[in-house]
Amino acid sequence: MNALRRLAQYAQAMNRVILTHSTLLTALKDHLPSNKQRQTIVDGLLYAYQLDQECEILPIAPMEWALLEQYHDADFIQELTRPRDVIDQQSENYKTMQECINDEFEELDDDEQELSSSVQDEKFGLSFDCYPFPFMRYYVNLTAASTIQLARRLVNSTNETESRRTIGINWYGGRHHCHRSRCSGFCYVNDVVLGITTIRKMCSGGVFYLDLDLHNGDGVAEAFKFSKKVSTCSVHRHDVGFFPVGTGRLDVSVAGMYNVPTRRGLTDEDMLWIIENIVLKLIEKHQPDYLVVQLGCDGLALDPNNEWNMTIQGYSSVMRLLLGNVGLPIMVLGGGGYNHTEVAKCWTFVTGTLLGYGVDKFDEIPEHRQLDHYESDGFMFWTDSNLHPRKMRNGNDLEYLQHLKSHLLSL
Ligand SMILES: [Zn+2]
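Report follows, based on the coordinates. (Residues numbered from 1 in each chain as written. Predicted model: local features only at pLDDT ≥ 70, side-chain atom pairs only at ≥ 80, totals over all residues. Heavy atoms only, no water.)

**Examining the overall build of the chain**
How we decide: Secondary structure follows DSSP: runs of H or I at least 4 residues long count as helices, runs of E at least 2 residues long count as strands, and numbering of each begins at the N terminus. With the radius of gyration taken over C-alpha atoms, the globule rule is written as 2.2 Å times the number of residues to the power 0.38. Think of it in three bands: with a 1.4 Å probe and only protein chains considered, a residue is buried below 20% of the maximum accessible area for its type, exposed above 50%, and partly exposed in between. Surface accessibility in these figures is a Shrake-Rupley result with a 1.4 Å probe; residues are shielded only by whichever protein chains are displayed.
Along the chain, the regular secondary structure elements total 15 helices and eight strands. Its C-alpha atoms give the chain a radius of gyration of 20 Å, within 12% of the compact-globule value 22 Å for 411 residues. For the chain, buried positions account for 60% of its 411 residues. For the chain, the accessible area works out to roughly 17000 Å², and carbon and sulfur atoms hold 48% of it.

**Brief notes about the nonpolar core**
Cut-off, in case you're wondering: Here, nonpolar core means buried Ala, Val, Leu, Ile, Met, Phe, Trp, Tyr and Cys residues that are tied together by side-chain atoms lying within 4.5 Å of each other. Residue contacts follow a heavy-atom distance rule, with two residues in contact if any of their heavy atoms lie within 4.5 Å.
Leu210, Ile275, Leu291 and Leu322 are the most contacted members of the largest nonpolar core, which has 68 residues in total. Residue contacts for Leu210: discarding those within four places in its chain leaves Cys233, Val235, Ile275, Val279, Leu291, Val292, Val293, Gln294 and Leu322. Ala144, Leu154, Val155 and Cys187 belong to the second-largest nonpolar core, a separate cluster that totals 56 residues.

**A short note on the coordination of the zinc ion**
Put simply, the test is: In this listing, donors mean N, O and S atoms no farther than 2.8 Å from the metal, or 3.2 Å for Na, K and Ca; water is missing from the atoms, so a site can look incomplete.
Coordination of the zinc ion by the protein is provided by Asp213 (OD), His215 (ND1) and Asp298 (OD), with metal-donor distances spanning 2.0 to 2.1 Å. Written as a sequence motif, the donor arrangement for the zinc ion is D-x1-H-x82-D. Taken as a pair, Asp213 in the loop between β4 (207-211) and α10 (218-223) and Asp298 in the loop between β7 (290-294) and α12 (312-325) lie far apart in primary sequence, 85 residues in all. On the accessibility criterion, Asp213 (0% relative accessible area) is buried.

**Side note on the side chain of His340**
What counts, and what does not: For this analysis, a polar contact is any N or O atom pair within 3.5 Å, provided that within protein one partner can donate a hydrogen and the other can accept it, and provided that sequence-adjacent residues contribute only side-chain to side-chain pairs.
With respect to the element layout, His340 can be found in helix α13 (residues 340-354). From its side chain, His340 meets the backbone oxygen of Lys36 in a polar contact 3.5 Å long. Look past the residues within four positions of His340 in its chain and what remains in contact with it is Ser34, Asn35, Lys36, Arg38 and Ile41.

**Notes on helix α11 (residues 268-286)**
In plain terms, the rule: What a helix is expected to span follows from its residue count: subtract one and scale by 1.5 Å.
Under the 1.5 Å per step criterion, the end-to-end length of α11 is 25 Å for 19 residues, consistent within 8% with the ideal 27 Å. Every buried residue belonging to α11 is among Asp268, Asp270, Met271, Trp273, Ile274, Ile275, Asn277, Ile278, Val279, Leu280, Leu282 and Ile283, and all of these are buried. Against the buried residues of α11 lie β4, β5 (230-237), β6 (257-262), β7, α12 and α15 (398-409).

**Section: the packing of α12 against α13**
The following threshold applies: Axes here mean lines fitted to C-alpha atoms, for a helix over just the part in contact, with angles spanning 0 to 180 degrees between N-to-C directions. Roughly parallel here means an angle under 35 degrees, roughly antiparallel means over 145, roughly perpendicular means 65 to 115, and every remaining angle is called oblique. Handedness of a crossing is defined here by the sense of rotation of the near helix relative to the far one, left-handed for an anticlockwise turn of less than a right angle and right-handed for a clockwise turn. For this classification, Asp, Glu, Lys and Arg are treated as charged, while Ala, Val, Leu, Ile, Met, Phe, Trp, Tyr, Cys and Pro are nonpolar and the rest, including Gly, are polar.
Closest axis-to-axis distance for the α12/α13 pair is 9 Å, and the angle between their directions is 30 degrees. In terms of orientation, α12 and α13 fall into the roughly parallel class. The way α12 lies across α13 gives a crossing that is right-handed. In this structure, α12 contributes Ile312, Gln313, Tyr315, Ser316, Met319, Arg320 and Leu323 to the contact, and α13 contributes Glu342, Lys345, Cys346, Phe349, Val350, Thr353 and Leu354. Residue composition of the contact of α12 with α13, by class: eight nonpolar, three polar and three charged.

This is how it looks when you write it as structure tokens:
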């Protein structure tokens, strides 16, 4: 169906919002070296506001290991998912974790022997910022499973309910840097590629992937560079030496693989300008059937990266702008974000936006097990520092943004 006609239909009905959940995956994600304990803080806030009760919850189950090979190379997967008992035992809650894993993975695990292979680890990028961590193999399985299973549900739900838009949310996902056979940038598996591939297998139409993380979504762009059915567009911070180094330049953009390289200090207004004047035009050009958005929020003004100057309400406005102009089912994924309480607030607020809530719902933070983390915020959702951008020079003037637009729209 034509996207505009769909949008008119959708406007009459509330969105159908599906949210992924797995207690085990939350515990596994808490072990991720770059974001220790983040997922528990995110889940804690989402559930404290009882947003889960207004979504359809999609429980995530372990998947067949072979599904990882729908994108990744077999020898990489073999190395990534081999047992590493010595490292697993370094987990602070080893026994509890092992019991949960035994329960859930019972039928999938075999009795493989641990092999020592540090040379192989180097080859596959399992070093530097992607070193092996406790229960990594199970983390990889469930992270990929979360986006694959949500993708299936999104397509099935869209086929069932023509008159309501389905929005799938997976804050576990969005690991956009991982390559076909190499880990990169805290990403050990590319769930985004696996999820989009799943959508593509289930429908004949196209997918538009929009990556709003501070860092270029290089792994996803690389995977679909030659695809006629999947277009990618990454809006990211770009500079010589900025991660992922050597990627994301404007002049390597081609039709269907767009880079929007921005300078330091990007504000909410700049991002909204880019969405309205560039991204929406590209979506219109490609006429996709599904939109996938990676909403890493390391571009927040309060993120330790200290590069962009966006606010939580800015990310929410971006989602509202997309919802109001794109009549398609949407899959929303997580990604980067290193100020953990601000990430929790951002993704909770965006979930609220997708459910139709405004700013007022979020005030004093409700009592819950993670409440102590908000002590320095006076236990309030909104603070002087997250309501407004910081004082910071903005390198993205209108002339520069116009230059990006004219180049990208001419491809
Ligand atoms: Zn990032």
